[in-house]
Amino acid sequence: MAGAAPAPRGSPGGRRRLRDDGVRTATSAEQTKVEDIVQEVFDAYKTNHHIPQFILQREKHFHYLKRGLRQLTEAYECLDASRPWLCYWILHSLELLDEPIPHSVASDVCQFLSRCQSPQGGFGGGPGQHPHLAPTYAAVNALCIIGTEEAFGVIDRQKLLQYLHSLKQPDGSFLMHVGGEVDVRSAYCAASVASLTNILTPALFAGTAEWIARCQNWEGGIGGVPGMEAHGGYTFCGVAALVILKQEHLLNLRSLLHWVTSRQMRFEGGFQGRCNKLVDGCYSFWQAGLLPLLHRALHAKGDPALSMTHWMFDQSALQEYILLCCQCPAGGLLDKPGKSRDFYHTCYCLSGLAIAQHFGSGDLHHQVVLGAPENRLQATHPVYNITPEKVVRAVMHFLQQPVPSLEPAAE
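Presented here is an overview of the structure given in this document. No experiment lies behind these values; they were computed from the predicted model shown.

What counts and what doesn't
- Residues numbered from 1 in each chain as written.
- Predicted model: local features only at pLDDT ≥ 70, side-chain atom pairs only at ≥ 80, totals over all residues.
- Heavy atoms only, no water.
- Helix = DSSP H or I, 4+ residues; strand = E, 2+ residues; numbered from the N terminus.
- Rg over C-alpha atoms; globule rule 2.2 N^0.38 Å.
- Buried < 20%, exposed > 50% of the residue type's maximum accessible area, 1.4 Å probe, protein only.
- Contact = heavy atoms within 4.5 Å.
- Areas by Shrake-Rupley, 256 points an atom, 1.4 Å probe, with all protein chains shown as cover.
- Lys, Arg positive; Asp, Glu negative; His and termini not counted.
- Charge placed at Lys NZ, Arg CZ, Asp CG, Glu CD.
- Polar contact = N/O pair within 3.5 Å; in protein donor to acceptor, adjacent residues only side chain to side chain.
- Patch = residues over 30% accessible without salt bridge, like charges linked within 9 Å, V, L, I, M, F, W, Y side chains within 5 Å.
- Salt bridge = Lys/Arg side-chain N within 4 Å of Asp/Glu carboxyl O.
- Axes fitted to C-alpha atoms, helices over the stretch in contact; angles between N-to-C directions.
- Left-handed = near helix turned anticlockwise from the far one by under 90°.
- Nonpolar A, V, L, I, M, F, W, Y, C, P; charged D, E, K, R; others polar.
- Expected span 1.5 Å × (residues − 1).

Our next topic: the overall build of the protein. A tally of helices and strands in the protein yields 16 helices and two strands. Against the compact-globule benchmark of 22 Å for 411 residues, the protein has a radius of gyration of 21 Å, which places it among compact chains. Counting only C-alpha atoms, the protein reaches 70 × 45 × 45 Å along its principal axes. Counting only residues that meet the buried cut, the protein has 56% of its 411 residues in that class. Sequence separation of 24 or more characterises 69% of the internal contacts of the protein that already satisfy a separation of 6 or more. Looking at the protein as shown, the accessible area adds up to about 17900 Å², and 55% of this sits on carbon and sulfur atoms. Looking at charge distribution, the protein has the averaged site of its 34 positive side-chain charges lying 3 Å from that of its 37 negative ones.

Dropping the structure here:
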């Protein structure tokens, strides 16, 4: 049944190790190795905690994030073309932890992102870099999190609309950047920034929903382009874009539901990104974030089996994986035990934790917080992955401004 409650971890439907049926392969060996490491984490936890109490190391994560916003080590040099992403990952993590951003810091971020904005419209990965849809999405989200007049004023909406049109392809898809590749990420990034800033027009997204629907494959998930393997990141981008465009019905929702719920690992509790891949903390959002979107779409179709208190995945198991296996003792979160912390995984592990803790909104809001009550995070919007209040503030601000013209402004 679609709305069935998650199975307890000790029940027959709970934690299960991989059975390779006596046929050992490279991937089954890697999976077994990860399960062994996770088992060691679980065993160590049981040995050290006679009374189970899962703790989110809020203070350590806060200090890790706060330091990163001001100064990064040379290890981050490889992300020089992703600097708006670093702003977004850190700011969103802080808002989930309900940590206020000092006005001076917020203003500095606004000024930095304004230097990343291209004269052609959109944002580049750093000052003076060519515009690209990925850092454009990150910059707009970061500015919406800050949510001040200064932040909103950074975005040149007319140039942004012109930039999005320059990337639009005849089949409805979008390039990631001028002369760049096409994939589902670009459709989502374009739809996200356009809807937040009130520049979404029928002409801009003509044919986009139909193109995304063609990316759903026989597995049920969505690939980067039509005919490609289903992938958690692309599937989230495709579904979220269709939600923005109000075209979710173009997908086979039942097939999609089967695919995404099958990506939650039966032993670890976290999610994998693709069939036959290893668990990864970042998919705590990319995959689990799909379930609220699917819930809403199936509810709109009148599905009688839907729960009104839980999403269609094991929310407690995901929280257990994040809290036990993805926290670095020094602060920050990570992919899986043995991996290094980084701001990307910190952002998406916390985002997935928030999805797992909060069901619905308003009168239907229901919390499932594993461990101490202090583990509770702020809710995140499953389409934009910033807090719902920040989405409303941005949308209301930009709705007061007319949709800009494509014609150049008069001198």
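Looking now at the environment of Asp36. When you line up the elements, Asp36 lands in helix α1 (residues 26–48). For the pair formed by Asp36 and Arg17, sequence separation is 19 residues and the distance between their alpha carbons is 9.4 Å.

Considering the arrangement of structural elements, one finds Asn198 in the loop between α8 (184–196) and α9 (208–213). When the C-alpha atoms of Asn198 and Arg157 are compared, they prove to be 8.4 Å apart, with 41 residues separating the residues in sequence. Once you skip the residues sitting within four places of it in the chain, Asn198 turns out to touch Arg157, Phe398, Leu399, Gln401, Pro402, Val403 and Pro404. Here Gln401 takes part through its backbone oxygen, which lies 2.8 Å from a polar atom of the side chain of Asn198.

A cluster of nonpolar residues, Val392, Met396 and Leu399, forms a patch on the protein surface that exposes about 290 Å² of accessible area. Looking at the secondary structure, you find Met396 in helix α16 (residues 388–399). By relative accessible area, which is 47% here, Met396 ends up partly exposed.

At a minimum axis distance of 8 Å, the contact between α8 and helix α10 (residues 232–244) shows a crossing angle of 40 degrees. The two elements α8 and α10 cross, and the hand of that crossing is left-handed. Contacts between α8 and α10 involve Val184, Arg185, Ala187, Tyr188, Ala191, Ser192 and Ser195 from the first element and Tyr234, Phe236, Cys237, Gly238, Ala240, Ala241 and Ile244 from the second. Broken down by class, the residue content of the contact of α8 with α10 amounts to ten nonpolar, three polar and one charged.

In this section: the pattern of salt bridges. Tallied over the entire structure, the rule returns 13 salt bridges. Glu229 is the partner of Arg274 in a salt bridge, and the nearest nitrogen-oxygen pair spans 3.1 Å. Of the two residues, Arg274 is situated in the loop between α11 (253–261) and α12 (283–286) and Glu229 in the loop between α9 and α10; the sequence distance between them amounts to 45 residues. Note on Glu229: relative accessible area 38%, which makes it partly exposed.

The next subject is the side chain of Asp303. Considering the arrangement of structural elements, one finds Asp303 in the loop between α13 (290–300) and α14 (315–325). The class of Asp303 is buried, set by a relative accessible area of 13%. Engagement of the side chain of Asp303 in a polar contact is seen with the backbone nitrogen of Ala305, the distance being 2.9 Å. What Asp303 contacts, discounting residues up to four positions off in sequence, is Arg254 and Leu298.

The next subject is helix α2 (residues 58–70). Its 13 residues give α2 an end-to-end C-alpha distance of 19 Å, which sits within 8% of 18 Å, the value for a rise of 1.5 Å per residue. Of the surrounding secondary structure, the elements contacted by the buried residues of α2 are α3 (83–96) and α15 (343–357).

Positive phi outside glycine occurs at Asp21, with the angle close to 55 degrees. In this structure, Asp21 sits in the segment before α1. One non-glycine residue, Asn276, adopts positive backbone phi at about 70 degrees. By the element assignment, Asn276 lies in the loop between α11 and α12. Residue Asn276 is classed as exposed on the basis of its relative accessible area of 53%.

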